[in-house]
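Spelled out, the chains give:
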Amino acid sequence: MIKILLHTVLRGLSRQKVYSLINILGLATGVTCTLLILIWIEFETSYDTFHQDVKQIYSVYENQKYADGDIFSVYSTPSPLAETLKKDIPEIENATRIVSSWGQLTVNVGGRNFIEKGGKIVDADFFKIFSFEKIYGDTTNCFLNPNSIVLSQKIANKYFGDINPVGKTVVINSKYKFEVSAVLENARENSSITYDFLLPFNFFQEFWDYDLKDWEANTFHTFVKLRKNANRNDVRKKISKIISKHVLNSNVELDMQAFGDYHLYSINKGSAGPIWYVRLFFIVAIVILLIACFNYMNLATARSERRSKEVAIRKVVGAQRRGLVGLFLGESLFFTIIALGISIVLVELLLPEFGDMINRHLELNPGNYKFFFATIIVVLLTGIVSGSYPAAYLSSFAPIQIIRGFSRHDSALVRKILVVIQFTMSVALFISTGIIYQQLAFLKRSDIGYNKDNIVYVELGGNFNNNYEQLKNEWIKIPGVNWVTAANQMPVNFANSTWDVNWSGKLKEAGDILFQLSFVDFDFIETFEMNVIQGRTFSKQYGADTLQFIINESAASKMNMENSIGEKLTIWGKKGHIIGVVKDFNFNSLKVGVDPLIIMRNPAAFKYVGIRIGKDRQPVIINKIRKSWNKILPEIPFTYRRLSDDFDYFYQAESRMSKLFLSFTLVAFIISCLGLFGLASFITERKAREVAMRKVFGANMDQVFHLLLKDFLKWMLFAIAAAWTMAYFVMEWWLNGFAYRIHIGIGIFLISAMLTFLIAFLTIYKLISSLSGIAPANMLKYE
Amino acid sequence: MIKTNNLVKVFRTDEVETTALNNVNLEINNGEFVAIMGPSGCGKSTLLNIIGLLDNPSQGELHFNGYQVEKYTERQRTNLRKENIGFVFQSFNLIDELTVFENVELPLLYLKVSSSERKKRVNEALERMNIAHRAKHFPQQLSGGQQQRVAIARAVISKPNLILADEPTGNLDSGNGEEVMNLLSQLNEEGTTIVMVTHSPSDADRSHRIIQLFDGHVVTENMRQKL
Ligand SMILES: Nc1ncnc2c1ncn2[C@@H]1O[C@H](COP(=O)(O)OP(=O)(O)OP(=O)(O)O)[C@@H](O)[C@H]1O
Ligand SMILES: [Mg+2]
């Protein structure tokens, strides 16, 4: 039976090459996209699962509650928390703090200097919680020795080459001596925790002179491992109030997130995290697969006029309907399996490109049983969905029909509906892509309140202010350098906030308002070309000017002041006056709005130097900047960044995803067009006789053309209307996630309609021109 | 073997109601060779299709081998058909995608006959129909006469006790027609019951009995002397 099935299918396949090719290509494209997306989803969901105890690991985070009812969730927690949790909560077996090395460190190895940014400071429990593989040495006791350093394999290789470096010495910032006690594997691609090397906390305390007993400063990630069988919700209850035990009037409640969710889910309600993309593209995968299945259904049913004879004969000689359903399902499965073969090759070819697009390193791993089963499910589903309608339809032919000739079973309507759905989905995808692109372009060029172009900045370690003064003096002399300033953070990602702000008219009921706080040098406002709308900027004329504040418009309105200039402000107990108000500028992604901001001059906090340079001959200017740097700081390599690059980085995820979306939209469109083409050629075949007949009796082709076109356009209009509605509502919902958004314009809708009509027109044209080439005699012979 | 009792078939379309068969009573015995004749549109094919369980009567009874079958389900009818009845059509009705061999083999697949047995029986049938040399060809590569011989091979392969033939020579020239009729006569002599619709008096001459239909009625039953 299988053999004869194969025979029928294979012969049908070679006899109707175009039909088969369209079918297989459509399915292969659909399956390829689905597999690519599944591989990616598999990767995203595999994050951190390689830790043996991942089910017991949690990340502790703070829910900060503000007066306006906002809850702001952050992973930053106070330093003593980890130790306290471990001591006070019996279910918590281990706890560690993790913090980055705060800027770059200079590592000296046997006389060579390396600038490193990827160091992490951790507690000894780090090694008990996480299961990064050990390559050399021992991690059980290593951080009991405050001079231990643990290297990643990459760094070990870079410093010492291909040998076991345990016991070797490195010197950090020419002062702190460490002995290598272990080498760990490089953090994997799917690890949320990354590290180049790990240092113990003694270093952190000494280096930054940081008070590790302070409950009020939030700086560290805290990870805990629960004992086996510990109840997660009990622990959540127990930890919730811990901060308020140590901090008066605290607005913070603690909670914890399963480490397995750390990568995918955001702890802030309202922002979705990568899971959003995972779900979105899962839907896209299903849509594309459906479009491909519809294609198959469509073509298979269109072909049914031929198949009906076969079906009827089989029934005459004894086939039951059930057997025939099996036959057609078998056939669609067979097509799907051929398509899968092509898909595997395509996936293999496209995976690197696809990986680049989403900035992931993806691999097709045949040993991955999850992927294997997913593939089988995709094939079965595709085969069964594709074969369902044709099987139901074709097996319904009664044998009597071959004897009597065929009354036209009307599958035409179903087929038209299938094409309409295909086009609806494709057009909706097309419009969505267009709107996503418009929104991104809008974000990139919208007025952010300052001039982000032509700014380069450098991070300065060591004795900042001493170096900074020297550098500034040199740099400002370079022609093409317009402004030089310093700050604790660049206005691309402000992350330093406080609610400890008081002013004279502050109402009790106003409660806590979260203010962003920025520490800047003279000329900051000038360098970034921000707009002062009231008062003045910081200036040397007024000495150090450290107890004066500049606020932004949002802050002014939150403080509810008519004229804020001269008003008193107390921050962290420091009293000062407001001297200026700047127009709101965006210091975060435009996805979020502008928070109230206070700017003050505080040289102790400076970390970055920002330089505004001229538009022309920038490489020359930057080269001169480099030369001065090398003269003053010869031991530290010069590295710089452009502010506009950072800005683009905000939208990287969106930008990648929209490219991806575009690609899949194109695919969907192509499959739909294949479907339309296939359908058209069957109509041609069926209409050939009719047209021949008409020609015999003198009809002209224009009339036939108009007739067909009218029919097609009617259905296309249907598809467009459905797609417009769908795209409109989905995109409104998406845009509402942005603080700054475009309003949906009619343009992209019109373009989509024109494109669809063009495709329909071309298809009909193709159909008609092939019909008009037929000599009537040829057709009438075969009645 | 076959007995009908006031068989009526009415076709209803939107506009008209056609009574194709009107109280048809007839009996066909085992081993008979019966020809059905009559003018075009008188209901010959309709009758044959009902006897062959391809179509349902509107009223009346149909007995097949002593069973009353007109109310059978699709499933039961298929089972009865595949074991007892072979069909030969005017337009051959072979499956284009299958070779001659596979076309003939098809009924055996549905009877779940083993592969070696199938091979043997198909080859025998093809030998017998004198087209064994064409076993690997596809239907379109054969002449009309050859195609009809393949169709007959397919009809007899399951060793049915009844063969229904609707104008089996209608698309053939006299030479090929003659050959087909010889095959049918031969099968009848071996014991197969044959019911054949035809317009050709010379073909009808081969039968034992001619049933004349007119406008859905049986007009005469003409017993013939067996030669
Ligand atoms: N499916 C149908 N729907 C409506 N009427 C039908 C149908 N099939 C047959 N008829 C009508 O029933 C009558 C008998 O048809 P039938 O095919 O049995 O004739 P016939 O004797 O075989 O004719 P011919 O010798 O031309 O083949 C005709 O009037 C025909 O129009
Ligand atoms: Mg007839």
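Treat the numbers as computed from the prediction; the structure is a model and nothing was measured.

1. A closer look at the overall build of chain B
The number of helices and strands found in chain B is 7 helices and 10 strands. For a compact globule of 227 residues, the expected C-alpha radius of gyration is about 17 Å, and chain B comes in at 17 Å, within 12% of that figure. Taken along the three principal axes of its C-alpha coordinates, chain B extends 45 × 40 × 35 Å. Counting the 227 residues in chain B, one finds 57% classified as buried. Counting contacts in chain B only where the partners sit at least 6 residues apart, residues at least 24 apart contribute 68% of the total. Roughly 10100 Å² of accessible area belongs to chain B as shown, and the carbon and sulfur atoms make up 44% of that amount.

2. Concerning the pairing of strand 7 (residues 119-122) of chain A
Residues and elements named next belong to chain A. Residues of strand 7 alternate between two faces, with G119 and I121 on one and K120 and V122 on the opposite face, all of them buried. The pairing of strand 4 (residues 92-100) with strand 7 spans 3 bridges and is antiparallel. Along strand 7, the bridge assignment pairs I98 with V122.

3. Structural notes on the site of ligand 1
In the neighbourhood of ligand 1, 13 residues make up the surrounding shell, with S40, G41, K44, S45 and T46 of chain B lying closest. Those residues lying near ligand 1 are distributed over chains A and B. In this structure, G41 of chain B approaches ligand 1 through a main-chain N or O atom, which is 2.8 Å from an oxygen atom. In this structure, an oxygen atom belonging to ligand 1 sits 2.5 Å away from a side-chain N or O atom of T46 of chain B. Against a free-state accessible area of 630 Å², the protein chains account for coverage of 68% of ligand 1. Where the shell around ligand 1 is concerned, the elements lending two or more residues are strand 2 (17-28) and helix 1 (44-51) of chain B. Here the shell around ligand 1 gets 3 residues from one element, more than from any other, and that element is helix 1 of chain B.

4. Points about the packing of aromatic side chains
Residue and element names in this part refer to chain A. Applying the stated criterion across every chain, the model contains 43 aromatic pairs over all chains. Each ring, one from Y450 and one from F528, has its centre 6.0 Å from the other, and the planes form 85°; the classification is edge-to-face. Of this pair, Y450 sits in the loop between helix 14 (412-445) and strand 15 (455-459) while F528 is found in the loop between helix 16 (524-527) and strand 20 (532-535), placing the two residues 78 residues apart along the sequence. Comparing Y450 with F528, the two get one shared label, buried. Between the aromatic rings of F638 and Y640, the centroid separation amounts to 5.8 Å while the plane-to-plane angle is 25°, which identifies the pairing as stacked. For F638, a relative accessible area of 10% gives the class buried. Clustering of aromatic rings is evident, with ring pairs tying together F50, Y61, Y75, F126, F127, F130, F132, F143, Y195, F223, F259 and Y262.

5. Here we look at a nonpolar patch on the surface
Residue and element names in this part refer to chain A. A cluster of nonpolar side chains, Y369, F372, F373, I376, L380 and I384, forms an exposed patch at the surface whose accessible area comes to about 610 Å². Looking at the secondary structure, you find F373 in helix 12 (residues 369-394). Looking at F373, the relative accessible area reads 47%, which means it is partly exposed.

6. Focus: the interface of chain A and chain B
Across the boundary between the two partners, chain A contributes 23 residues, which contact 29 residues of chain B. Our count for the chain A to chain B interface comes out at 0 salt bridges. The interface formed by chain A and chain B includes 5 residue pairs in polar contact (both at pLDDT 80 or more). Where the side of chain A that touches chain B is concerned, the elements lending two or more residues are helix 1 (2-15), helix 10 (304-316) and helix 13 (400-404) of chain A. Tallied by class, the residues present in the side of chain A that touches chain B amount to 10 nonpolar, 5 polar and 8 charged.

7. Things to note about the confidence of the model for chain B
Predicted coordinates in areas of low pLDDT are best not read in detail. All names here are of chain B. Put simply, chain B has an average pLDDT of 89, and 97% of its residues get 70 or more. No element of chain B has a lower mean pLDDT than strand 10 (residues 217-223), which averages 78, and none a higher one than strand 8 (residues 193-197), which averages 95. The complex prediction reports pTM at 0.74, with the ipTM value standing at 0.81.

8. Here's the deal with the side chain of R77 of chain B
Residue and element names in this part refer to chain B. Along the polypeptide, R77 turns up in helix 2 (residues 74-84). Among the polar contacts listed, one links the side chain of R77 to the backbone oxygen of Y72, at a separation of 3.4 Å. When residues no more than four places from it in sequence are discounted, the contact partners of R77 are L53, L54, D55, N56 and Y72.

9. Thoughts on the UniProt feature "transmembrane region" (unreviewed entry) in chain A
The feature "transmembrane region" (unreviewed entry), as given by UniProt, occupies residues 21-41, 276-297, 324-351, 371-396, 417-437, 660-684, 712-730 and 742-765 of chain A in the numbering adopted here. The span residues 371-396 of chain A shows a helical share of 92% and a strand share of 0%, and its end C-alpha atoms are spaced 37 Å apart.

10. What to know about the pattern of salt bridges
Residue and element names in this part refer to chain A. Applying the stated criterion to the full structure yields 35 salt bridges over all chains. Among the ionic pairs, E116 bridges to K158, the shortest N-O distance being 2.9 Å. Placement of the pair is E116 in strand 6 (residues 112-116) and K158 in helix 5 (residues 153-160), with a sequence separation of 42 residues. The class of E116 is buried, set by a relative accessible area of 3%. Residues E185 and R188 are paired through a salt bridge, measuring 3.2 Å at the closest nitrogen-oxygen approach. A network of salt bridges, in which partner residues are shared, links K472, D521, D523 and R601.

11. Points about the packing of helix 4 (residues 115-129) of chain B against helix 5 (residues 144-156) of chain B
The relative placement of two packed helices comes down to the angle between their axes together with the axis-to-axis distance. Residue and element names in this part refer to chain B. At their nearest, the axes of helix 4 and helix 5 sit 9 Å apart, and the two run at 140° to each other. In terms of orientation, helix 4 and helix 5 fall into the oblique class. As helix 4 runs across helix 5, the sense of the crossing is right-handed. Mapping the contact onto sequence places A125, L126 and M129 in helix 4 and R149, I152, A153 and V156 in helix 5. Classifying every residue of the contact of helix 4 with helix 5 by side-chain character gives 6 nonpolar, no polar and 1 charged.

12. Observations concerning the sheet that holds strand 2 of chain B
Residue and element names in this part refer to chain B. Taken together, 4 strands build an open sheet; the order of strands is 2-1-4-5 and the sheet is antiparallel. Two strands close off the open sheet at either side, each with one partner strand: strand 2 and strand 5 (67-68). Pairing analysis gives 8 bridges linking strand 1 (residues 2-12) to strand 2, with the strands arranged antiparallel. Counterpart to F11 in the pairing with strand 2 is T18.

13. Observations regarding the domain arrangement of chain A
Split into domains, chain A comes out as domain 1 (1-47 + 274-410), domain 2 (54-261), domain 3 (416-447 + 650-783) and domain 4 (455-614). The C-alpha-based centres of domain 1 of chain A and domain 4 of chain A are spaced at 61 Å.

14. So, the state of the cysteines
Throughout the structure, instances matching the rule amount to 0 disulfides over all chains. Sulfur of C33 of chain A: no disulfide; nearest cysteine sulfur belongs to C293 of chain A and is 13 Å away.

The rules behind these values
Residues numbered from 1 in each chain as written. Chains lettered and ligands numbered in written order. Predicted model: local features only at pLDDT ≥ 70, side-chain atom pairs only at ≥ 80, totals over all residues. Heavy atoms only, no water. Helix = DSSP H or I, 4+ residues; strand = E, 2+ residues; numbered from the N terminus. Rg over C-alpha atoms; globule rule 2.2 N^0.38 Å. Buried < 20%, exposed > 50% of the residue type's maximum accessible area, 1.4 Å probe, protein only. Contact = heavy atoms within 4.5 Å. Areas by Shrake-Rupley, 256 points an atom, 1.4 Å probe, with all protein chains shown as cover. Pairing = 2+ DSSP bridges. Near = heavy atom within 4 Å. Polar contact = N/O pair within 3.5 Å; in protein donor to acceptor, adjacent residues only side chain to side chain. Phe/Tyr/Trp six-rings, centres within 6.5 Å; stacked < 30°, edge-to-face > 60°. Patch = residues over 30% accessible without salt bridge, like charges linked within 9 Å, V, L, I, M, F, W, Y side chains within 5 Å. Salt bridge = Lys/Arg side-chain N within 4 Å of Asp/Glu carboxyl O. Nonpolar A, V, L, I, M, F, W, Y, C, P; charged D, E, K, R; others polar. pLDDT = per-residue confidence, 0-100. UniProt positions renumbered as here; feature names shortened; annotations may be inferred. Axes fitted to C-alpha atoms, helices over the stretch in contact; angles between N-to-C directions. Parallel < 35°, antiparallel > 145°, perpendicular 65-115°, else oblique. Left-handed = near helix turned anticlockwise from the far one by under 90°. Domains from an automatic or database assignment. Disulfide = S-S within 2.5 Å.

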